[in-house]
There are 2 protein chains.
Amino acid sequence: ILYLTGGMSIPDPKQREALIKQESSMQTGGQQVLTDAEQRLNARLLKMKQDEVEREEFPPAMHFFKARELIRNSPIFKLLQKMPKGGALHLHDFSMVDVEWLVKNATYRPHCYICFTSRSVRFIFSSQQPKPLTNCSSWTLLESLRAKTVNTTDLDNSIMGNLTLFTDKDPEAVYPTQTVVWSIFEETFQAAYGLVTYAPVFKDYFYQGLSQFYMDNVMYLELRAILPEIYDLDGRTYDRAWTLKTCQDISRQFVANHPDFVGVRIIFTAKRTINTNKMLKVVEEAMALYRDFPDIMAGFDLVGWEDGGRPLWYYRDALSLPVERGVPLPFFFHAGETNSQGTEVDQNILDALLFNTSRIGHGFALTRHPVAKEWSRKYGVAVEVCPISNQVLKLVKDLRNHPAAALMSENHPVVISSDDPAIFGAFGLSYDFYEAFVGFGGMRSHVGSLKQLAINSIRYSSLTPEEKEKALSLWQRRWDKFVFENAF
Amino acid sequence: ILYLTGGMSIPDPKQREALIKQESSMQTGGQQVLTDAEQRLNARLLKMKQDEVEREEFPPAMHFFKARELIRNSPIFKLLQKMPKGGALHLHDFSMVDVEWLVKNATYRPHCYICFTSRSVRFIFSSQQPKPLTNCSSWTLLESLRAKTVNTTDLDNSIMGNLTLFTDKDPEAVYPTQTVVWSIFEETFQAAYGLVTYAPVFKDYFYQGLSQFYMDNVMYLELRAILPEIYDLDGRTYDRAWTLKTCQDISRQFVANHPDFVGVRIIFTAKRTINTNKMLKVVEEAMALYRDFPDIMAGFDLVGWEDGGRPLWYYRDALSLPVERGVPLPFFFHAGETNSQGTEVDQNILDALLFNTSRIGHGFALTRHPVAKEWSRKYGVAVEVCPISNQVLKLVKDLRNHPAAALMSENHPVVISSDDPAIFGAFGLSYDFYEAFVGFGGMRSHVGSLKQLAINSIRYSSLTPEEKEKALSLWQRRWDKFVFENAF
Ligand SMILES: [Zn+2]
Ligand SMILES: [Zn+2]
């Protein structure tokens, strides 16, 4: 690939030009042939990016909590919002919808009780006074509490603060270590749990999640879902099959209402802290669900803080079950969401590939694993890159240093996703696209990179080849419209 | 290189073991065959590293100014100090010796005058009252000032503060941006200038520099030197030839006194801000010096803040002179010391290679340049990695994310150096070796990695093949002694 003139000669400007072009063509989207309109749009985008780069405060170099306002006002961001981005392939079920909706909508419903732990809050909906919860104050009906409160806005803001990591304070001071940030991160899930597992809220939340991503011009979602027990006001509970069925119904209803939305598929997840026996049972259940819900079930994954959990290899017996029984169950493992090197957890990337994972969640450590990297590239095992998540959870400070910048410089199979936008104070997919486009790409990435990222999100999804083709042509129509409307 | 079992099969533990070993063997030093004694030393080192990793505060993840005390007390660091590290190939002439020596020795010599600018200080040695300096207070004889000062320790500390970036305050607050840190960085050079360019101090400083690296078990130096005009008490000045000759004499004297020291070679440097005419003249001068001082002159380089300076390509006419005239002048370009992508400056890495650079100074951006990376690998153009410098000058915060971690995971040609240890509050090479060994390598790097880094520093030096062989066997004897004394 290199055109080398040997030792003692003066660089030839044409050769130099060719090498620069060659390197540029190797990046994600570097092979995309742009139409005239796309080239005009590109000129606009690069001018905007030049302005962005020259500003004193460069958002991708800043913590997202401090950069959000700057990004929101960036003309690039406004374009990215309008851009059809394809699918979001790395998302978690209870962090799709902004927390304001949870507070202003969910907690204002009747029969909503709240109690206070030393660090946070818990919720439950109940037709009668709920049974007390250990380590929590007595349950108070939120309606009564609000009636007694002078400033309900303050109360609501305080509740909201328990549901998100976002803060106006100095994030470095509030979240000094990975241990601290992960502990509070998991607290936010606990706080939302009683709200989002209440059947009526669960359904509306799911629909609202699709709406918010749809608003952000995302046409398809793959959701990591814990599929928890869902409950009703009278204490009745529903199992995973019910939950999956409900998700499927809502997804179909949403698609019926929005024909240019492709749908949702679910990756069922277990925590990477449970014991091996429990994992065996969960994998068995996952196989059954995959058999019974082939349309909506995409596969299986493990979640939770990787450095604080069991390595994949610890669960090798359970993860071998599907192959042993000849039963299909695709894996979509989180792996390499770590800064540790040479530890047992750091082997997760390689083990994910050995277990034939369909994609790698995060893969932050991939560039430090040459064998795994080559494998991922050769077999098209795409890396789900979630820039804001990696920054907020303290893997990297300046997003220009994110390893995905190197991966994208050589068109490694990657998709961009947002992991837990609600908890990070983001929305949909556009903020993460901004970080990738401006931060990873600098002045080098262009409209071809954006196009490629959108196409990748369909290509590396769990859709069938036919579904992918349909989704791609749907995306292409929306893309052409977007280009037409914004190229001038 | 991959042993793959296809799709549907359970991972074979033996295959997994083989892949892990394969990946480990691909890293820097992964091919080193360890003796029994080296293996015992390795066991000790890895145990120490395990302890280090498990501590709450992990030094490579912290700013060096905050981590220095922790590192200094680390048993790994103490071993690394004793370890023969080979050569230091990326150093600057006036940042070799700790600033305490400058203040406690140089400024206490007779005839030392000081004046105060709005931000810093300037010095001059003179037999009579020196001519006033613009933007500086009137010259005061430091001896008289000290006589009038109650607490000379405070005065000395305050002077020292102007000669280094090191601070006990929060470095993020003191140096919020690259612009700020580079501006103060260059101020420290200005402050030291009048001290180190005074002939008697210049000679002693140089000898002292060699002593300090020798004390840190470094056996060879390649120094980027601006070769400034040197002056005497009576105002007499000396040119570059005199300076080079002086360096050569002192180096020879030092080697005579320390037969296990190999020597010093000089890379003459110009600033990347001068105009093209001036650059033509400097390159001509460099060619002449290279011809006249073949023993000590190694080549030529450009220095200064890369993002704030001219790109290499801007000076293409001057840099083409040696080839045009058929006159040898090896280049050792700083390149890719940047977080920008796709800018003109970001092309420096490729241009350095097009100009046939012998090594790449920093090359922080290399992993984002696949063509340049392949070239550097294929032709053994080593990257001079200076971890602490890159952190202090705000390219990367957590050194585990330094791109050299990825480079070393695939045994890319790298050497470790310390750039400006005095200005960063470091000493010799051991602090940077610590960051590379513990930070880049995590639990993966081992005694073979250290060995390889030391060998690389000789292999990629500008020494002749014969000199390299001699240096290597000298190093090997010291290494064997080190292993013998520390393996138990
Ligand atoms: Zn995730
Ligand atoms: Zn340097």
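Residues numbered from 1 in each chain as written. Chains lettered and ligands numbered in written order. Predicted model: local features only at pLDDT ≥ 70, side-chain atom pairs only at ≥ 80, totals over all residues. Heavy atoms only, no water.

1. Digging into the overall build of chain A
Note the threshold: Strands are runs of DSSP state E lasting at least two residues, helices are runs of H or I lasting at least four, and both sets are numbered from the N terminus onward. Here the globule rule is a power law, 2.2 Å times the number of residues to the power 0.38, and the radius of gyration is based on C-alpha atoms. Residue burial is assigned from relative accessible area. The probe radius is 1.4 Å, only protein chains are included, and a residue is buried under 20% of its type maximum, exposed over 50%, and partly exposed in between. Values of accessible area rely on a 1.4 Å probe in the Shrake-Rupley scheme; residue burial ignores everything except the protein chains shown.
The secondary structure content of chain A amounts to 21 helices and 13 strands. Taking 2.2 N^0.38 as the reference for a compact globule, 488 residues should give roughly 23 Å; the C-alpha atoms of chain A span a radius of gyration of 23 Å, in line with that estimate. Seen along its three principal axes, the alpha-carbon backbone of chain A occupies a region of about 85 × 55 × 45 Å. Here chain A holds 488 residues, and 61% of them are scored as buried. Put simply, chain A shows about 18800 Å² of open surface, and 52% of that area lies on carbon and sulfur atoms.

2. Here we look at helix H4 (residues 75-82) of chain B
What sets the pattern is the α-helix's 3.6 residues per turn: residues three or four places apart point alike. Residue and element names in this part refer to chain B. What counts, and what does not: Directions from the helix axis toward the C-beta atoms define the arc. We call two residues contacting when some pair of their heavy atoms lies within 4.5 Å. Polar contact is the term for a pair of N or O atoms within 3.5 Å; when the atoms are in protein, one must be able to donate a hydrogen and the other to accept it, and sequence-neighboring residues count only if both atoms are side-chain atoms.
For H4, the complete set of buried residues consists of Ile76, Phe77, Leu79 and Leu80. Summarising the axial view, the buried residues of H4 lie within an arc of 160 degrees, below the 170-degree limit, and thus occupy one face. Contacts from the buried residues of H4 go to helix H2 (36-54), helix H3 (64-72), helix H18 (430-440), helix H19 (447-459) and helix H20 (465-486). You can read the cap of H4 off the contacts: a side-chain oxygen lies 3.1 Å from the backbone nitrogen of Ile76, and it is on Ser74.

3. Some points on the coordination of the zinc ion (ligand 2)
All names here are of chain B. Where we set the bar: Metal-coordinating donors are taken as N, O and S atoms lying within 2.8 Å of the metal, or within 3.2 Å when the metal is Na, K or Ca; because water is left out, some sites can appear incomplete. Any site counts as irregular unless it has four donors with all angles between 85 and 135 degrees, making it tetrahedral, or four or six donors with opposite ones more than 155 degrees apart and the rest between 65 and 115, making it square planar or octahedral.
In the first shell of the zinc ion (ligand 2), the protein supplies His90 (NE2), His92 (NE2), His334 (NE2) and Asp419 (OD), at 2.1 to 2.3 Å from the metal. Around the zinc ion (ligand 2) sit four donor atoms, and with donor-metal-donor angles ranging over 85 to 172 degrees the site reads as irregular. Between the donor residues of the zinc ion (ligand 2), the gaps in sequence give the motif H-x1-H-x241-H-x84-D. Of this pair, His334 sits in strand S10 (residues 334-335) while Asp419 sits in the loop between strand S13 (414-416) and H18, placing them 85 residues apart in sequence. Like His334, the residue Asp419 is buried in the burial classification.

4. Topic: the relation of the copies chain A and chain B
As a reminder of what qualifies: The atoms used to superpose the copies are C-alpha atoms, taken from residues with pLDDT of at least 70 in both, and the fit is least squares.
Overlaying chain A with chain B gives an RMSD of 0.0 Å, the required rotation being 180 degrees about an axis along which the chain moves by 0.0 Å. On this basis, the relationship between the two copies can be described by a two-fold rotation axis. The residues that chain A uses at the interface reappear at the interface of chain B in 100% of cases, marking a shared surface.

5. Re the side chain of Gln391(A)
Take Gln391(A): it is sitting in helix H16 (residues 387-392). Separated by 2.8 Å, the side chain of Gln391(A) and the backbone nitrogen of Phe64(A) make a polar contact.

6. Considerations on the sheet that holds strand S2 (residues 112-116) of chain B
Residues and elements named next belong to chain B. What counts is decided by this rule: DSSP-based pairing: two strands are paired if at least 2 bridges between them are found.
Pairing is antiparallel in the open sheet, where three strands are placed in the order S3-S2-S4. Edge positions in the sheet fall to strand S3 (121-125) and strand S4 (140-141), since each of these pairs with one other strand and no more. Examined bridge by bridge, S2 and S3 share five bridges and lie antiparallel to one another. Paired with Ile114 across the bridge in S3 is Phe123.

7. Regarding the coordination of the zinc ion (ligand 1)
Residue and element names in this part refer to chain A. Around the zinc ion (ligand 1), the protein contributes the donor atoms His90 (NE2), His92 (NE2), His334 (NE2) and Asp419 (OD), at 2.1 to 2.3 Å from the metal centre. In this structure, the zinc ion (ligand 1) is coordinated by four donor atoms arranged in irregular fashion, with angles at the metal of 85 to 172 degrees. Taken in sequence order, the residues that donate to the zinc ion (ligand 1) follow the motif H-x1-H-x241-H-x84-D. Of this pair, His90 sits in strand S1 (residues 87-92) while Asp419 sits in the loop between strand S13 (414-416) and helix H18 (421-424), and the two are 329 residues apart along the sequence. Assessed through its relative accessible area of 0%, His90 is described here as buried. On the basis of relative accessible area, Asp419 is assigned to the buried category, the value being 3%.

8. Here's the deal with the packing of helix H10 (residues 199-215) of chain A against helix H11 (residues 240-257) of chain A
Residues and elements named next belong to chain A. Condition: To obtain each axis, a line is fitted to C-alpha atoms, and for helices this fit is confined to the stretch in contact; angles are then taken between N-to-C directions over 0 to 180 degrees. Note that the term roughly parallel is reserved for angles under 35 degrees, roughly antiparallel for angles over 145, roughly perpendicular for angles of 65 to 115, and oblique for everything else. Here a crossing is called left-handed whenever its near helix is offset anticlockwise from the far helix by less than a right angle, and right-handed whenever the offset is clockwise. Polar here means any residue other than Ala, Val, Leu, Ile, Met, Phe, Trp, Tyr, Cys and Pro, which are nonpolar, and Asp, Glu, Lys and Arg, which are charged; Gly is therefore polar.
Put simply, H10 and H11 touch, their axes get as near as 10 Å, and they point 40 degrees apart. As judged from the angle between their axes, H10 and H11 are oblique. As H10 runs across H11, the sense of the crossing is right-handed. Seen from H10, the contacting residues are Ala199, Phe202, Lys203, Phe206, Tyr207, Leu210, Ser211 and Tyr214; seen from H11, they are Trp242, Thr243, Thr246, Cys247, Ile250, Ser251, Gln253, Phe254 and Asn257. For the contact of H10 with H11, the class distribution of residues is 10 nonpolar, six polar and one charged.

9. Observations concerning the environment of Leu289(A)
Residues and elements named next belong to chain A. Its location among the elements puts Leu289 in helix H12 (residues 276-292). Along the backbone, Leu289 and Ala241 are 48 residues apart, and their C-alpha atoms lie at a distance of 7.1 Å. Not counting the four nearest positions on each side in its chain, Leu289 is found in contact with Leu227, Arg240, Ala241, Leu244, Phe268 and Met297.

10. Details of the confidence of the model for chain A
All names here are of chain A. The line we're drawing: What pLDDT reports is the predictor's confidence in each residue, on a scale of 0 through 100.
Chain-level pLDDT for chain A is 96 on average; 98% of the residues reach the 70-or-more range. Note that residues 1-6 has pLDDT below 50 and, in this model, 14 contacts with residues that lie over four places away or in other chains. The ipTM assigned to the predicted complex is 0.93, against a pTM of 0.95.

11. Some remarks on the sheet that holds strand S11 (residues 359-362) of chain A
The parallel open sheet is built from four strands, whose spatial order is S10-S11-S12-S13 (chain A). Each edge of the open sheet is held by one strand with a lone partner, namely strand S10 (334-335) and S13 of chain A.

12. Considerations on the packing of H2(B) against H18(B)
Residues and elements named next belong to chain B. Interaxial distance between H2 and H18 falls to 11 Å at its minimum, and their mutual angle equals 80 degrees. Judged on the interaxial angle alone, H18 and H2 are roughly perpendicular. Judged by residue contacts, Leu45, Lys49 and Glu52 of H2 engage Tyr434, Phe437 and Val438 from H18. In the contact of H2 with H18, the residues fall into four nonpolar, no polar and two charged.

13. Section: the interface of chain A and chain B
Threshold: Accessible surface is computed with a 1.4 Å probe, and the buried area is the amount of it that two parts give up when combined, taken over both parts together. The working definition used for a salt bridge is a side-chain nitrogen of Lys or Arg within 4 Å of a carboxyl oxygen of Asp or Glu.
Listed as interface residues are 59 residues of chain A and, on the opposing side, 59 residues of chain B. The contact between chain A and chain B buries some 5400 Å² in all, and 62% of this surface belongs to carbon and sulfur atoms. Put simply, chain A and chain B have four salt bridges between them. Of the charged contacts, one joins Arg16(B) and Asp351(A) as a salt bridge, the two residues approaching to 2.5 Å between their closest N and O atoms. Viewed at the interface, chain B and chain A are joined by 21 residue pairs in polar contact (both at pLDDT 80 or more). Those elements that place two or more of their residues in the side of chain A that touches chain B are helix H1 (13-26), helix H13 (316-325), helix H14 (348-354), helix H15 (370-378), helix H17 (403-409) and helix H19 (430-440) of chain A. Sort the elements by how many residues they give to the side of chain A that touches chain B and H1(A) lands first, with eight residues.

14. Quick look at H2(B)
Residue and element names in this part refer to chain B. This is how the line gets drawn: One less than the number of residues in a helix, times 1.5 Å, gives the span that helix is expected to have.
Here H2 is 19 residues long and its end C-alpha atoms lie 27 Å apart, about the 27 Å a rise of 1.5 Å per residue gives. Considered for burial, the residues of H2 that qualify are Ala37, Glu38, Leu41, Asn42, Leu45, Met48, Lys49 and Glu52. Taken down its axis, H2 places every buried residue within 130 degrees of arc, on the same side. Every exposed residue of H2 that faces more than 90 degrees away from the buried side is listed here: Asp36, Lys47 and Glu54. Buried-residue contacts for H2 involve H4, H18, H19 and H20.

15. Considering the nonpolar core
This is how it is decided: Throughout, nonpolar core names a set of buried Ala, Val, Leu, Ile, Met, Phe, Trp, Tyr and Cys residues whose side chains join them through atoms within 4.5 Å.
By size, the foremost hydrophobic cluster in this structure holds 155 residues, and its most contacted members are Leu165(B), Leu221(B) and Phe300(B). The next biggest cluster of nonpolar side chains, apart from the first, holds 154 residues, and it includes Leu195(A), Ile360(A), Val396(A) and Ala436(A).

16. What about the side chain of Asn390(B)?
Residue and element names in this part refer to chain B. Counting through the fold element by element, Asn390 comes out in helix H16 (residues 387-392). Here His402 takes part through its side chain, which lies 2.7 Å from a polar atom of the side chain of Asn390. Not counting chain neighbours up to four residues away, the residues in contact with Asn390 comprise His362, Phe364, Leu395, Val396 and His402.

17. Re the pairing of strand S3 (residues 121-125) of chain A
Burial runs high along S3(A): four of the five residues are buried. The turn linking strand S2 (residues 112-116) of chain A back onto S3(A) is made up of four residues.

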